[in-house]
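Structure assessment
Each chain, written out:
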Amino acid sequence: MAILKFIYKRIFSSNARALRAGFTLIELIVAVGLFAVVATLSTGALLILSTSERKTQYVQTSQDNIRFSIESMAREIRAGDAYEIPTPLTGLGVCAGGPTYNCSDTQFRFKNSSGLFVVYSLGTGGAVCHKTGPAAASARCIIKSVGGATPEPITAPEVSIQNVRFYLIGLATDAQRLQPRVTIVIQAQTPGTDPLSS
């Protein structure tokens, strides 16, 4: 019994507890390994979130720019007159010289409230779209010319316009002075993303 008391005191005394305190080398290696795995997964998730946020920002910027361009075109077209598609596509109706407009193309012309002809069209090339660098040759934008002046882009250089179509439907001459309907369809691409239709 005395031996048991001695062993009990030896094991549970304060000095014995002090000798057993701390972690073994294996416990430390396991803890550091688990921490490294969690840190790696967290860093990967943060990188994915950062990339997603950047792509979302590009898309938002593109859509805002296209929305602004469409609104400025629509505001000017609403106040205009003498709408026409200068280069008609065959098979879509009569665009000039007939009673009905029903055609589409990448160019649209009308007379603004000041009496000047305004032309909206798809522009190509870095000089026209105010774009520099290696992508300048393939740059595409929507351009506007007023009164025969040099065309200026109305879309930002960051947005690549893949296609723009103007659809003109309605009467060319109308005794009630009702305006024909103009529909604008734009397909754009933002940097580093798939083509987006807006």
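Before any of the text, the structure's been laid out above.
Below is a short write-up of the structure.

How each quantity is defined
Along each chain, residue indices are assigned from 1 in the same order as the chain's sequence is written. The predicted origin of the model limits local features to residues at a pLDDT of at least 70 and limits the giving and counting of side-chain atom pairs to 80 or more, whereas totals for whole chains, interfaces and linings rest on all residues. Hydrogen atoms and water are omitted, and side-chain values are computed over all heavy atoms in the structure. Only DSSP runs of H or I covering at least 4 residues are called helices, and only runs of E covering at least 2 are called strands; the numbering of each starts at the N terminus. Only protein chains enter the area calculation, which uses a 1.4 Å probe; residues under 20% of their type maximum are buried, those over 50% are exposed, and those in between are partly exposed. The criterion used for residue contact is that any of the two residues' heavy atoms lie within 4.5 Å. Criterion for a salt bridge: a side-chain nitrogen of Lys or Arg within 4 Å of a carboxyl oxygen of Asp or Glu. Working rule for helices: expected span equals 1.5 Å times residues minus one. Throughout, nonpolar core names a set of buried Ala, Val, Leu, Ile, Met, Phe, Trp, Tyr and Cys residues whose side chains join them through atoms within 4.5 Å. The rule for a disulfide is simple: a pair of cysteine sulfur atoms within 2.5 Å. Pairs of N or O atoms within 3.5 Å make up the polar contacts considered here, provided that, within protein, one atom can donate a hydrogen while the other can accept it, and that residues adjacent in sequence are counted only when both atoms are side-chain atoms. Two rings from Phe, Tyr or Trp (for Trp, the six-membered ring) form a pair when their centres sit within 6.5 Å of each other. Planes less than 30 degrees apart are called stacked, planes more than 60 degrees apart edge-to-face, and all others tilted.

Looking now at the overall build of the protein. A tally of helices and strands in the protein yields four helices and nine strands. When its helices and strands are written in sequence order, the protein yields α-α-α-β-β-β-β-α-β-β-β-β-β. Counting across all 198 residues of the protein, residues that qualify as buried make up 27%. Counting only contacts in the protein whose residues sit at least 6 apart along the sequence, the fraction spanning at least 24 positions is 52%.

The next point concerns the pattern of salt bridges. On inspection of all chains with the given rule, the structure shows two salt bridges. Here R67 makes a salt bridge to D64, at a shortest N to O gap of 2.9 Å. Residue R67 and its partner D64 are located together in helix α3 (residues 25–78), separated by three residues, close to a single helical turn. Residue classification places D64 among the partly exposed residues on the basis of a relative accessible area of 38%. With a closest N to O distance of 2.9 Å, E76 and K144 form a salt bridge. Separated by 68 residues along the polypeptide, E76 in helix α3 and K144 in strand β5 (residues 140–146) bring together distant segments of the chain.

Moving on to α3. Over its 54 residues, α3 runs 79 Å from end to end, which matches the ideal 80 Å to within 8%, given 1.5 Å per residue. S62, N65, I66, S69, S72, M73, A74, E76 and I77 are the residues of α3 that are buried.

Attention now goes to the nonpolar core. Grouped together as the largest cluster of nonpolar side chains are 19 residues, with contacts concentrated most on M73, I77, F108, I161, V164, F166 and I186. Contributing elements (two or more residues each) for this core: α3, β3 (107–111), β4 (117–124), β7 (160–171) and β8 (181–189).

In this section: the state of the cysteines. What the rule picks out here adds up to one disulfide. One disulfide bridge connects C129 with C141, the sulfur atoms lying 2.2 Å from each other. A torsion of -90° about the S-S bond marks the disulfide between C129 and C141 as left-handed. A residue pair is termed long-range when its members are at least 10 positions apart, and C129 in helix α4 (residues 126–129) and C141 in strand β5 qualify at 12 residues. The exposure classification of C129 matches that of C141, with both residues buried.

What follows covers the side chain of S160. Relative to the helices and strands, S160 is located in strand β7. Side chain to side chain, S160 and Q162 meet in a polar contact 3.1 Å long. Other than its neighbours up to four places away in sequence, S160 contacts R140, Q187, A188 and Q189.

Let's shift gears to the side chain of S69. Along the polypeptide, S69 turns up in helix α3. With near-sequence residues (within four places) excluded, S69 lies in contact with I154 and T155.

Inspection of the entire model under this criterion finds five aromatic pairs. Seen from their ring centres, Y83 and F108 are 5.9 Å apart, and the 20° between their planes marks the pair as stacked. Of this pair, Y83 sits in strand β1 (residues 81–84) while F108 sits in strand β3; the two residues are 25 residues apart in sequence, bridging distant segments of the chain. Judged by relative accessible area, F108 falls into the buried class, the value being 0%.

Keep in mind that these numbers describe shape and distance, not what the molecule does.
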